[in-house]
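One letter stands for each residue in the lines below.
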Amino acid sequence: MSSTAKGWEDAYAKAKEFVSQLTLAEKVNLTTGVGWQGEQCVGQVGSIPRLGFRSLCMQDSPLGIRFADYVSAFSSGQTVAATFDRDLIYRRGKAMGEENKIKGVDVLLGPVAGPIGRVAEGGRNWEGFSPDPYLTGVAIAETIKGIQDAGVIACAKHYIGNEQEHFRQVGESQGRGYNITEAISSNIDDKTMHELYLWPFVDAVRAGVGSIMCSYNQVNNSYSCQNSKMLNGLLKGELGFQGFVMSDWQAQHSGAASAVSGLDMTMPGDTEFNTGLSFWGTNLTLAVLNGTVPQYRVDDMAMRIMAAYFKVGRTLKQDPITFDSWTRDTFGPIHYAVKEGHQQINWHVDAQKEHGNLIREIGAKATVLLKNNGALPLKKPKFLAVIGEDAGPSPLGPNGCSDRGCDEGTLAMGWGSGSDDFPYLITPLDALNFQAVEDHTRIEAVLDNYAWTTTEALITQEGATALVFVNADSGEGYIEVDGNAGDRNNLTLWGSGDELIKNVSSVCNNTIVIIHSVGPTIVTDWYDSPNVTAILWAGLPGQESGRSLVDVLYGKVNPAARTPFTWAAKAEDYGTEIMYEPNNGNGAPQQDFTEGVFIDYRALDHANVTPIFEFGFGLSYTTFEYSNLQVKKTGAGEYQPTSGKTPEAPTFGNFSTDLDDYLFPNSSFPYIWQYIYPYVNTTSSFADASQDPEYGQTAAEFLPAGATDAAAFALNPAGPGLSDQSGGNPGLFDVLYTVTAAVTNTGAVAGDEVPQLYVSLGGAGSPKVLLRGFDRLAVEPGCTATFTAELTRRDVSNWDVEAQNWVVTDAPKTVYVGSSSRKLPLSAALS
């Protein structure tokens, strides 16, 4: 840690004052979860009652508050990314932060940059933003700023290489008949790590994120939560991350090893749910007492946790936790796992404010118009035939399946821990009915994908405009839906959606297709039919789904969203795939990222493959022209590698080495079974107190040389100085060029346009173009707006694996501006 890091100075001063007062047991309590269902939140560390600190509450999810009532269901990260609107992304983060603060949450478990979306079928891609690292970096940074401006710690996740659900956990895999003994290893080379997977985490760290969650998978055959290269080397060293690293739930696989490798907090605290055993808690206390883990490391954990807490404006006067994750009952056990401590646990506080209006705005501004042959916008249509179960409600209700683990009715959210409960869900049919009443439109619906006789009879009537609703779902690996174990099995539409579209469009010459999905689907067989007159991708829009869509269908909102991923003609065009079967016997499946940086549009560009709809593509109800590209060089100084050393690792306060001082204080509070404490239950011996069958090894016997060293070490040349802003060497963020272009609305209606800036870095190992800037501009008809973007040194650099630093190569570089990754009418050389 660096107490002088820019933006963290005050937080670290307050943290030092607080941590200096703590005993060893109290410091350990800050680092260790109390166990699954131990208290009200999905994750909670122990309390420090002596100083009036109630604990820290960690809660899912990245689109709302999981397991809580009277909260909003926001659009997914992937959906808001499609807006290409920094302000909307920030406002969404701020609104989610406000609701979490009202409910008493301290750490919001989001936003997501891992998975980034290496594989189109990846189950949790929708929780993140985009397979483009620049877009994801902007989106994660703006979300973090919003969350933390609301006074809640953001937790960027899942760090790193967590790109599929299959084989992420041993127990989960064994439950499906795969007898693996270790989780999957994502094998990523140094250049790819820096230029793709680490890129958005740089932006998260630079935005001041308080927490980062390490992932289930291994990276290069070392678990993410005890991978010193990933945590100490890249995250805390090269990026200068000053917050704390939290494990994913049951992602910790060791005690002392994970401590010295850079883990700062274990969640939910127990080794496996409800075992009452922990790698930390008692065992971390013992590890410090016997010298296996040095005191400075536990002090560093506590300092990082409390600095993140104070950085978002928190004080020791904490808001109460007003909900319970495990029951909606007003009164019940505070320790739900063992049914102990009966009291009020739910206050049913309404945290929604007016956020429904924001969700509606996001949903509309995120709806991508992929095709339009003049069918849209609708203008008081005479007869609408609404087809497909995705148009209507689930027969089970919007929250009828736990963690949204089914695909019934309209799809507005994926499944898993990244979900929350809808306070209400306005379906497309709901909103269309209200609009039809206003317009005196006849409207009928068939909400069964397989009721062809009824459907055909409806859509073949004179003057029918058919709105066909289809979807494709996915989610987290602990839930399997229709044979999809988190990851999608393929890229087809669910519920025979492709056949439904082909059937309808074969007999109806005005078929408008609306897709709700977790990512791309294969549209090759029907998208270019002349009877398919329009196609919209509405993503996962959240609770205001129907009204958002109607706003676009009827032209109340002129669409300007851009697809945040590529729509390929066939799945093989992406060049990556899910590993559905283990490839290493009973050992860790080995997932080699041999494609390097070439994923999504970069892969198709590299292979000269034409997509159906390219990354960044989206239509409008008006037209735009681009002109007058100008590139101005700023004259920034030379890049200087960081030099100097860190101070020696500090410690705060002393601690007793007498085991008797750590005996459970029975006179102070009752012992709760399965609850994780920092205390020992016996003082007969360290081994008896530990209950670890491997207890007894010294640090020298199982830790690498120098793992516990407190000495000063050299700063990373690619990293920040001790007083610099976190995120990397400050020279990387120097602006080298300012780029401007004119964007003219040549149509008849006002609309937003999303100009995009791409750079070709040159050289054999670089993609053809890389997104390096964008904006969303409102332009009146006949008017011209100026698009402005800045290119930093980082934007035009490559990672040099030999120099272990960023370099601007001698290869010729070109800047492009246009409306998508393949529509780039303006270009200029970068001198």
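What counts, and at which threshold
Residues numbered from 1 in each chain as written. Predicted model: local features only at pLDDT ≥ 70, side-chain atom pairs only at ≥ 80, totals over all residues. Heavy atoms only, no water. Helix = DSSP H or I, 4+ residues; strand = E, 2+ residues; numbered from the N terminus. Rg over C-alpha atoms; globule rule 2.2 N^0.38 Å. Buried < 20%, exposed > 50% of the residue type's maximum accessible area, 1.4 Å probe, protein only. Contact = heavy atoms within 4.5 Å. Areas by Shrake-Rupley, 256 points an atom, 1.4 Å probe, with all protein chains shown as cover. Lys, Arg positive; Asp, Glu negative; His and termini not counted. Charge placed at Lys NZ, Arg CZ, Asp CG, Glu CD. Core = buried A, V, L, I, M, F, W, Y, C linked by side-chain atoms within 4.5 Å. Polar contact = N/O pair within 3.5 Å; in protein donor to acceptor, adjacent residues only side chain to side chain. Disulfide = S-S within 2.5 Å. Pairing = 2+ DSSP bridges. Phe/Tyr/Trp six-rings, centres within 6.5 Å; stacked < 30°, edge-to-face > 60°. Lys NZ or Arg CZ within 6 Å of the ring centre and 35° of its normal. Arc of directions from axis to C-beta. Axes fitted to C-alpha atoms, helices over the stretch in contact; angles between N-to-C directions. Parallel < 35°, antiparallel > 145°, perpendicular 65-115°, else oblique. Left-handed = near helix turned anticlockwise from the far one by under 90°. Nonpolar A, V, L, I, M, F, W, Y, C, P; charged D, E, K, R; others polar.

So what's going on with the overall build of the protein chain? Residues and values would help.
The helix and strand inventory of the protein chain stands at 20 helices and 29 strands. On C-alpha atoms alone, the protein chain measures out to a radius of gyration of 27 Å, which is about the 28 Å that the 2.2 N^0.38 rule sets for 831 residues. With respect to the principal axes defined by its C-alpha atoms, the protein chain has extents near 90 × 65 × 50 Å. Going through the 831 residues of the protein chain one by one, you find that 63% of them count as buried. Across the protein chain, every contact between residues at least 6 apart in sequence was considered, and the portion connecting residues at least 24 apart equals 77%. Carbon and sulfur atoms make up 48% of the accessible area of the protein chain, which totals about 28300 Å². Here the protein chain contributes 57 positively and 95 negatively charged side chains, and the mean placements of these two sets differ by 7 Å.

Break down the environment of Ala 741 for me, citing the residues and quoting the values.
Tracing the backbone shows Ala 741 in strand 20 (residues 735–745). Between the alpha carbons of Ala 741 and Leu 629 there is a distance of 4.4 Å; along the sequence they are 112 residues apart.

How would you summarise the nonpolar core if you had to cite specific residues and measurements?
Counting residues in each nonpolar core, the largest one holds 145 residues, and the members touching the most others are Met 58, Tyr 159, Met 246 and Trp 249. Ranked by the residues each element gives to this core, the list is headed by helix 12 (residues 295–311), at 10 residues. If we skip the residues at most four places from it in the chain, Trp 249 touches Trp 36, Val 42, Gly 43, Met 58, Leu 109, Gln 169, Met 213, Tyr 216, Met 267, Pro 268 and Phe 273. Counting 32 residues, the second largest nonpolar core, distinct from the first, contains Cys 508, Val 523, Trp 526 and Trp 567.

Lay out the side chain of Ser 211 with the relevant residues and their values.
By the element assignment, Ser 211 lies in strand 6 (residues 211–214). By relative accessible area, which is 0% here, Ser 211 ends up buried. In terms of polar contacts, Ser 211 uses its side chain to reach the backbone carbonyl oxygen of Phe 244, at 3.4 Å. Sequence-distant contacts of Ser 211, that is, excluding residues within four places in its chain, are made with Ile 153, Ala 154, Cys 155, Ala 156, Phe 241, Phe 244 and Met 246.

Please set out the state of the cysteines residue by residue, giving values where relevant.
Across all of its chains, the model carries three disulfides by this definition. Between the sulfur atoms of Cys 401 and its disulfide partner Cys 406 the distance amounts to 2.0 Å. An S-S torsion of about 95° defines the bridge between Cys 401 and Cys 406 as right-handed. Taking relative accessible area as the criterion, Cys 401 reaches 13% and is therefore assigned buried. What connects to what in the protein chain, once the bonded cysteines are numbered by sequence position, is 1-2, 3-4, 5-6. Residue Cys 155 stays outside any disulfide, its sulfur separated by 9.0 Å from that of Cys 214, the closest cysteine. Classification of Cys 155 by relative accessible area gives buried; the value is 0%.

Tell me about the pairing of strand 6, and name the residues and values.
In summary, the side chains of a regular strand alternate between the two faces of the sheet. Residues Ser 211 and Met 213 point to one face of strand 6 and Ile 212 and Cys 214 to the other, with burial holding for every one of them. Judged from the three bridges that link them, strand 4 (residues 153–159) and strand 6 form a sheet pairing that is parallel. Across the sheet, the residue bridging to Tyr 159 is Cys 214, located in strand 6. Note that strand 6 and strand 9 (residues 244–247) share four bridges and pair parallel. Bridge pairing in strand 9 places Met 213 opposite Met 246.

Go over the packing of aromatic side chains, please, and point to the residues and values.
A full pass over the atoms with the stated rule returns 33 aromatic pairs. Judged by centre distance (4.8 Å) and plane angle (45°), the ring pair of Tyr 675 and Tyr 677 falls under tilted. Residue Tyr 675 is classed as buried on the basis of its relative accessible area of 13%. On the basis of relative accessibility, which here comes to 10%, the residue Tyr 677 falls in the buried class. Relative to Trp 806, the ring of Trp 799 lies with its centre 5.5 Å away and its plane at 70°, an arrangement referred to as edge-to-face. On the accessibility criterion, Trp 806 (9% relative accessible area) is buried. Joined through ring pairs, the aromatic side chains of Phe 84, Tyr 134, Tyr 601, Phe 615, Tyr 758 and Phe 774 make up one cluster. Seen from the ring of Tyr 336, Lys 339 lies directly overhead, with NZ or CZ sitting 4.1 Å from the centre.

An account of the sheet that holds strand 18 (residues 590–592) is requested, with residue identities and associated values reported.
Adjacent strands of a sheet pair through backbone hydrogen bonds, lying either parallel or antiparallel. What the four strands build is an open sheet, ordered 8-7-5-18; its pairing is mixed. If you trace the sheet from one side to the other, it starts and ends with strand 8 (222–223) and strand 18, each paired once. With two bridges joining them, strand 5 (residues 185–187) and strand 7 (residues 218–219) adopt parallel strand pairing. In the strand pairing of strand 7, Ser 186 is matched with Val 219.

Provide a residue-level description of helix 16 (residues 497–507), including the pertinent values.
Because each turn of an α-helix spans 3.6 residues, side chains separated by three or four positions end up pointing in the same direction. For helix 16, every residue scored as buried is listed here: Gly 497, Asp 498, Leu 500, Ile 501, Val 504 and Ser 505. The arc that holds the buried residues of helix 16, viewed along the axis, is 160°, so those residues lie on one side.

An account of the side chain of Glu 595 is needed here, citing residue identities and associated values.
Relative to the assigned elements, Glu 595 resides in the loop between strand 18 and helix 18 (601–606). Among the polar contacts listed, one links the side chain of Glu 595 to the side chain of Arg 118, at a separation of 2.6 Å.

Go over the environment of Gln 44 with me, naming the residues and quoting the values.
Its location among the elements puts Gln 44 in strand 1 (residues 43–44). Its relative accessible area of 3% is what places Gln 44 among the buried residues. Sequence separation between Gln 44 and Val 202 is 158 residues; the distance between their C-alpha atoms is 27 Å. Contacts of Gln 44, omitting those with residues within four sequence positions, involve Thr 32, Gly 33, Val 34, Glu 39, Ser 55, Leu 56, Cys 57, Met 58, Met 267 and Ile 321. A polar contact of 3.0 Å, which involves the side chain of Gln 44, links it to the backbone nitrogen of Cys 41.

Explain helix 15 (residues 452–459) to me, using residue names and the numbers behind them.
Along helix 15, the positions that sit buried rather than exposed are Thr 455, Leu 458 and Ile 459. For helix 15, the buried positions fall inside an angular range of 85° around the axis, keeping them on one side. Packed against the buried residues of helix 15 are strand 13 (383–387), strand 14 (442–446), strand 15 (464–472) and helix 16.

Give a description of the sheet that holds strand 19 (residues 624–633) that names residues and reports values.
Read across the sheet, three strands follow the order 19-20-25 without closing on themselves; strand pairing throughout is antiparallel. Two strands close off the open sheet at either side, each with one partner strand: strand 19 and strand 25 (784–792). Looking at each pair of strands side by side, their axes are set apart by 20° on average, direction ignored. As defined by bridge partners, strand 19 adjoins strand 20 across eight bridges and the pair is classed as antiparallel.

Talk me through the packing of helix 5 (residues 133–149) against helix 8 (residues 199–206); I want residue IDs and the actual numbers.
Packing of helix 5 against helix 8 brings their axes to within 8 Å, and their N-to-C directions diverge by 25°. Of the possible angle classes, the one that applies to helix 5 and helix 8 is roughly parallel. By crossing handedness, the relation of helix 5 to helix 8 is classed as right-handed. The residues of helix 8 that touch helix 5, namely those facing Pro 133, Tyr 134, Thr 136, Gly 137, Ile 140, Ala 141 and Ile 144, are Trp 199, Pro 200, Asp 203 and Ala 204. Considering only residue class, the contact of helix 5 with helix 8 consists of eight nonpolar, two polar and one charged.

So, unusual backbone geometry: which residues are in play, and what are the values?
In this model, Tyr 159 is joined to Ile 160 through a cis peptide bond whose omega is 10°. On the secondary structure map, Ile 160 appears in the loop between strand 4 and helix 6 (170–174). Of note, the bond from Leu 376 into Pro 377 is cis; its omega dihedral lies within 30 degrees of zero at 0°. Within the secondary structure, Pro 377 sits in the loop between strand 12 (368–372) and strand 13. Even without being glycine, His 348 reaches a positive phi, approximately 55°. Here Gln 804, not a glycine, exhibits a phi torsion of approximately 55°, which is positive. Inspection of the secondary structure puts Gln 804 in the loop between strand 26 (798–800) and strand 27 (805–807).

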